[in-house]
Amino acid sequence: MEFEIITDLTPVTQTKIETNFEAIKAVLEERLAPYATMVVSPDAISAAKKDRSDIRKVADGIDSLRKAVKKQWLKPYEEFEAKCKELTGIATSAASNIDRQIKAMESEVKEQKRQELETFFTANSADISDYISFDEVFNLRMLNSTYAQKDAEENILWQLEQARNDLTAIRGLESPYETAMLSEYAKSHNLGKALAEGKRLEAIQKAEEERKAREATDTFAEEEIPREEATETQMPVQQSPVQFIRPADAPEPQKPNLYTLRFEVTGTVEAFNALKRCMVTNNMKFKKI
């Protein structure tokens with residue numbers, strides 16, 4: 001069956017509501033024109049209030065008539081509208097019953113597909129399960145009926161291969177910060193962020209080594225190392241009361257040749273201190289550059 005209107009609506013659409021619109025419009029424009037531009041003075045406020053009230057009564061009367069005509073005019077339509085809603089309610093109720101069952105079955109099919117994809121993921125990701133999870137490779141689009149399960153499985157395999165390549169790249173660096181980089185990758189699944197974490201830790205370590213080197217150099221330059229005192233087995237130097245006079249023809253004693261050697265040393269603080277003691281013991285002059 002097809003719902004149809006039996007009543008001929010032509011008379012309705014052609015019906016015109018006749019009024020004395022033009023005459024009333026002319027009267028209102030003539031009588032109310034002065035009020036549209038009038039200026040109310042303080043001594044005429046009472047009269048202005050009465051005029052305002054009279055004008056509003058005219059507007060309210062016209063509006064009340066409009067509402068009454070609209071109500072009468074729409075009465076047939078409102079009856080028609082109520083019947084239409086009753087009929088659509090019957091149809092909607094039946095359609096909703098079918099819709100609930102279809103959605104339930106579609107949901108069940110999607111859940112089954114999701115479980116199958118998760119099982120497939122688990123079977124192919126055992127070696128990298130610590131670094132990537134099913135939720136991170138899964139996409140709701142995979143559950144659409146237009147998205148073939150084979151295509152979904154290939155997408156999962158591709159993502160797993162990408163993850164393996166990333167992990168291989170990280171391990172291939174043989175970095176001392178490999179553990180931290182792998183940990184970052186497990187959180188972000190982003191090779192760039194994992195490499196950046198390694199660079200960050202490397203920079204921190206380098207800064208720490210430079211700090212220790214400066215401290216070691218400062219210690220080497222500033223530490224006062226006393227010269228060794230004479231031991232009990234050493235004979236004290238005796239002051240000779242006799243003054244020896246060098247013969248006139250005796251040659252002048254030669255001074256030892258002195259050399260300057262500049263070099264760079266890398267070692268521990270203990271080694272630096274030992275080197276300094278050696279130079280002090282041998283009367284060698286030195287300074288920090």
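Everything discussed here concerns the structure shown above.
Residues numbered from 1 in each chain as written. Predicted model: local features only at pLDDT ≥ 70, side-chain atom pairs only at ≥ 80, totals over all residues. Heavy atoms only, no water.

Draft legend 1. Representation of helix α3 (residues 45-124) in the model. The terminal C-alpha atoms of α3 lie 91 Å apart, and with 80 residues this falls more than 12% below the ideal 118 Å at 1.5 Å per residue. For α3, the principal kink sits at Lys75 and spans about 45°; a proline, Pro76, occurs within the next four residues. Within α3 the residues assigned to the buried category are Ala48, Lys113, Leu117, Phe120 and Phe121. Check the buried side of α3 and you find it contacts α4 (134-137) and α5 (149-172). (Helix = DSSP H or I, 4+ residues; strand = E, 2+ residues; numbered from the N terminus. Expected span 1.5 Å × (residues − 1). Bend = angle between axes of the 7 residues up to and from the residue. Buried < 20%, exposed > 50% of the residue type's maximum accessible area, 1.4 Å probe, protein only. Contact = heavy atoms within 4.5 Å.)

Draft legend 2. Just the side chain of Glu197, in detail. Summarising the element assignment, Glu197 is placed in helix α7 (residues 191-222). Engagement of the side chain of Glu197 in a polar contact is seen with the side chain of Arg200, the distance being 2.8 Å. (Polar contact = N/O pair within 3.5 Å; in protein donor to acceptor, adjacent residues only side chain to side chain.)

Draft legend 3. Structural detail: the packing of α3 against α5. The interhelical angle for the contact between α3 and α5, taken along N-to-C directions, is 35°, at an axis separation of 10 Å. Here α3 and α5 pass one another in a crossing that is right-handed. When α3 is examined against α5, the residues Lys113, Glu116, Leu117, Phe120, Phe121 and Asn124 are found in contact with a partner set consisting of Gln149, Ala152, Glu153, Ile156, Leu157, Leu160 and Arg164. The residue inventory of the contact of α3 with α5, partitioned by class, reads seven nonpolar, two polar and four charged. (Axes fitted to C-alpha atoms, helices over the stretch in contact; angles between N-to-C directions. Left-handed = near helix turned anticlockwise from the far one by under 90°. Nonpolar A, V, L, I, M, F, W, Y, C, P; charged D, E, K, R; others polar.)

Draft legend 4. Seen up close, the pattern of salt bridges. Counted by the stated rule, this structure contains twelve salt bridges. Linking Lys67 and Asp63 is a salt bridge whose minimum nitrogen-to-oxygen distance equals 3.7 Å. Residue Lys67 and its partner Asp63 are located together in helix α3, separated by four residues, close to a single helical turn. Note on Asp63: relative accessible area 32%, which makes it partly exposed. As a salt-bridge pair, Arg200 and Glu197 come within 2.8 Å of each other at their nearest N and O atoms. Placement of the pair is Arg200 and Glu197 together in helix α7, with a separation of three residues, close to one helical turn. Because the salt bridges share partners, they merge into one network encompassing Asp63, Arg66 and Lys67. (Salt bridge = Lys/Arg side-chain N within 4 Å of Asp/Glu carboxyl O.)

Draft legend 5. Layout of unusual backbone geometry. In the Ramachandran plot, Glu174 falls in the positive-phi region, its phi being about 50° despite a non-glycine side chain. Residue placement: Glu174 occurs in the loop between α5 and α6 (178-188). A relative accessible area of 68% places Glu174 in the exposed class. The backbone of His189 shows a phi angle near 55°, a positive value even though the residue is not glycine. With respect to the secondary-structure elements, His189 resides in the loop between α6 and α7. Given the relative accessible area of 25%, His189 is considered partly exposed.

Draft legend 6. Fine view of a nonpolar patch on the surface. Judged by side-chain polarity, Phe3, Ile5, Leu9, Val12, Ile17, Leu65, Val69, Trp73, Tyr77, Phe80, Leu87 and Ile90 come together as a nonpolar surface patch covering roughly 1100 Å² of accessible area. Among the elements that make up the nonpolar patch, the one with the highest residue count is α3 (seven residues). With respect to the helices and strands, the residue Ile90 is situated in helix α3. Judged by relative accessible area, Ile90 falls into the exposed class, the value being 57%. (Patch = residues over 30% accessible without salt bridge, like charges linked within 9 Å, V, L, I, M, F, W, Y side chains within 5 Å. Areas by Shrake-Rupley, 256 points an atom, 1.4 Å probe, with all protein chains shown as cover.)

Draft legend 7. Quick look at α6. Of all the residues in α6, the buried ones are Met181, Leu182, Glu184 and Tyr185. Relative to the axis of α6, the buried residues are bounded by an arc of 160° and lie together on one face. Exposed and facing more than 90 degrees away from the buried side of α6 are Thr179 and Lys187. Phi for His189, located one or two positions after α6, is positive at around 55°. (Arc of directions from axis to C-beta.)

Draft legend 8. Structural detail: the packing of aromatic side chains. Summed over all chains, the structure comprises four aromatic pairs. Aromatic side chains Phe3 and Phe80 sit 6.4 Å apart centroid to centroid with 15° between the ring planes, which places their arrangement in the stacked category. Of this pair, Phe3 sits in the segment before α1 (10-14) while Phe80 sits in helix α3, and the two are 77 residues apart along the sequence. On the basis of relative accessibility, which here comes to 31%, the residue Phe80 falls in the partly exposed class. Through a chain of ring-to-ring contacts, the aromatic side chains of Phe3, Tyr77 and Phe80 assemble into a single cluster. Directly above the aromatic system of Phe138 lies the positively charged group of Arg114, at a separation of 5.0 Å from the ring centroid. (Phe/Tyr/Trp six-rings, centres within 6.5 Å; stacked < 30°, edge-to-face > 60°. Lys NZ or Arg CZ within 6 Å of the ring centre and 35° of its normal.)

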